[in-house]
Amino acid sequence: METTSRSVAQAPAAEGGQRFASARRTVDGYLLAPFPWYGLDEAFTGPRRLMQVGMAADGAVEHGSIGHGDEPSVRNEHTAASGDEPREKFAVVVTVAANPSRRSADGTGLLEATSVSSAAWLAGVGLLSFTWPGQMDHSLRDDWLEQQTETAWALADDLSGPEWSTLSLPVDGVPAPFHYRESEFGWVLAGSTEAGVHLGAYGRGMSAYGLGFAVVKDIAAYA
């Protein structure tokens, strides 16, 4: 939280004003959510940042992400693993409202229910968005991303499958079970909380085994 404020304060005046306005618009979306937001617990002392929220067709906030550590960029594994450039170290926590299947606000259809699989899929796609396979031509990335997105959905729909293992991590200080998988691009995990939300997370360069999650007490402090 404090890191966001410092980065704005250190920017040139004009750029700082633009960044503040952007941060204000971003946090406004988080403030609309009727559910609590989660991030890494206080054991993580590095930088934190708001990323983006996702809304349903009726405008209700359904999920959002909070980044921790380095700000991830789209980089391929060959570059990230080279000695010339250090590998990024980041973890992103995705909070997903635990909603049942419900009718849309305009009454024209049904909105899909959310589940742990929803959190797993959002985390999987999030990791892919910051991944570029080594030696791949730029023109092929869209096809690759579409294929991998479908794979992420299939994996998220089969949390009891062989690609997943179980991991116990603290949520608000209480151990909770998570589904966990690793790939050449990083790791993904997903689970639920007692606070009416599902949690997904993804990262690279940071071990998932030592993480803990906690409610963000004041999301407005990110603005």
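Scroll up a little and you will see the structure.
As the structure is a prediction and not an experimental result, all values here were calculated from the model.

Trainee: Sorry, what's going on with the overall build of the protein chain here?
Mentor: Helix and strand content of the protein chain: five helices and 13 strands. Looking at the 223 residues of the protein chain, the share that counts as buried comes to 45%. In the protein chain, the proportion of contacts linking residues at least 24 apart, taken out of those at least 6 apart, comes to 60%. Counting only carbon and sulfur atoms, one obtains 52% of the accessible surface of the protein chain, whose full area is about 11600 Å².

Trainee: How should the nonpolar core be read in this particular structure?
Mentor: Nonpolar side chains in soluble globular proteins tend to end up buried together. Of all hydrophobic cores here, the largest spans 32 residues; its most connected members are Trp37, Leu189 and Phe213. Taken together, the elements giving at least two residues each to this core come down to α2 (13-31), β1 (38-40), β3 (61-69), β5 (90-97), β9 (165-171), β10 (174-183), β11 (186-192) and β12 (197-204). Discounting chain neighbours no more than four positions away, the residues touching Leu189 are Ala123, Leu167, Leu169, Phe178, His179, Tyr180, Leu199, Gly200, Ala201, Ala208 and Phe213. In terms of nonpolar packing, the next biggest core, distinct from the first, is built from 21 residues, Leu155, Ala156, Leu159 and Phe185 among them.

Trainee: For this particular structure, what's the right way to read helix α4 (residues 116-128)?
Mentor: Taking 1.5 Å per residue as the helical rise, α4 with its 13 residues ought to reach 18 Å, and the 19 Å between its terminal C-alpha atoms agrees with that figure. The buried fraction of α4 amounts to 10 of the 13 residues, a majority that puts the element mostly inside the structure. The distance from a side-chain oxygen at the start of α4 to the backbone nitrogen of Ser117 is 3.2 Å, and the residue carrying that oxygen is Ser115.

Trainee: I keep staring at the pattern of salt bridges and nothing clicks. Help me out?
Mentor: Pairing between side chains of opposite charge can happen when the charged atoms of each approach one another. For the coordinates displayed, the defined rule picks out one salt bridge. With its nearest N and O atoms 3.9 Å apart, the salt bridge here joins Arg204 to Glu88. Pair noted here: Arg204 is in strand β12 and Glu88 is in the loop between α3 (77-80) and β5, with a separation of 116 residues, a long-range link. Given a relative accessible area of 3%, Arg204 falls into the buried group.

Trainee: Just checking my understanding: could you explain the packing of aromatic side chains for this structure?
Mentor: Any aromatic ring pair is given by two values, namely how distant the centres are and how the planes are angled relative to each other. Counting across every chain of the model gives seven aromatic pairs. Relative to Tyr202, the ring of Phe90 has its centre 6.4 Å away and its plane inclined at 80 degrees; by these criteria the two rings are edge-to-face. Placement of the pair is Phe90 in strand β5 and Tyr202 in strand β12, with a sequence separation of 112 residues. Among the residues examined, Phe90 registers a relative accessible area of 0% and is labelled buried. On the basis of relative accessibility, which here comes to 4%, the residue Tyr202 falls in the buried class.

Trainee: How should the environment of Pro36 be read in this particular structure?
Mentor: Here Pro36 shows up in the loop between α2 and β1. Distance in space between the C-alpha atoms of Pro36 and Val215 is 6.5 Å, their sequence separation being 179 residues. Ignoring any residue separated from it by four or fewer positions in sequence, one finds Pro36 in contact with Thr95, Ala195, Val197 and Val215.

Trainee: Which parts of the structure should I look at to understand a negative patch on the surface?
Mentor: On the surface, a cluster of negative charge is contributed by Asp142, Asp143, Glu146 and Glu150. Here Asp143 shows up in helix α5 (residues 141-156). Using a relative accessible area of 52% as the deciding quantity, one classes Asp143 as exposed.

Trainee: Teacher, can you tell me more about the environment of Thr151 here?
Mentor: As for its position among the elements, Thr151 is in helix α5. The exposure class of Thr151 is partly exposed, given its relative accessible area of 35%. As for Thr151 and Val125, which are separated by 26 residues in sequence, their C-alpha atoms are 9.5 Å apart.

Trainee: Is there a simple way to explain the pairing of β10 in this structure?
Mentor: Working note: regular strand, side chains alternate between the two faces of the sheet. In terms of strand pairing, β9 meets β10 through seven bridges, oriented antiparallel. Residue pairing for β10: Leu167 is matched across the bridge by Phe178. In this structure, the hairpin formed by β9 and β10 is closed by a connection of two residues, where Asp172 is found at a positive phi of approximately 55 degrees. Here β10 pairs with β11 via six bridges, running antiparallel. Within β11, the residue paired with His179 across the bridge is Ala190. The antiparallel hairpin formed by β10 and β11 contains two residues in its connecting segment.

Trainee: Where do I start with the side chain of Ser117 in this structure?
Mentor: Turning to its location among the elements, Ser117 is positioned in helix α4. For Ser117, the residues in contact, after removing those within four places along its chain, are Ala156, Asp157 and Leu159.

Thresholds, definitions, all that
Residues numbered from 1 in each chain as written. Predicted model: local features only at pLDDT ≥ 70, side-chain atom pairs only at ≥ 80, totals over all residues. Heavy atoms only, no water. Helix = DSSP H or I, 4+ residues; strand = E, 2+ residues; numbered from the N terminus. Buried < 20%, exposed > 50% of the residue type's maximum accessible area, 1.4 Å probe, protein only. Contact = heavy atoms within 4.5 Å. Areas by Shrake-Rupley, 256 points an atom, 1.4 Å probe, with all protein chains shown as cover. Core = buried A, V, L, I, M, F, W, Y, C linked by side-chain atoms within 4.5 Å. Expected span 1.5 Å × (residues − 1). Polar contact = N/O pair within 3.5 Å; in protein donor to acceptor, adjacent residues only side chain to side chain. Salt bridge = Lys/Arg side-chain N within 4 Å of Asp/Glu carboxyl O. Phe/Tyr/Trp six-rings, centres within 6.5 Å; stacked < 30°, edge-to-face > 60°. Patch = residues over 30% accessible without salt bridge, like charges linked within 9 Å, V, L, I, M, F, W, Y side chains within 5 Å. Lys, Arg positive; Asp, Glu negative; His and termini not counted. Charge placed at Lys NZ, Arg CZ, Asp CG, Glu CD. Pairing = 2+ DSSP bridges.

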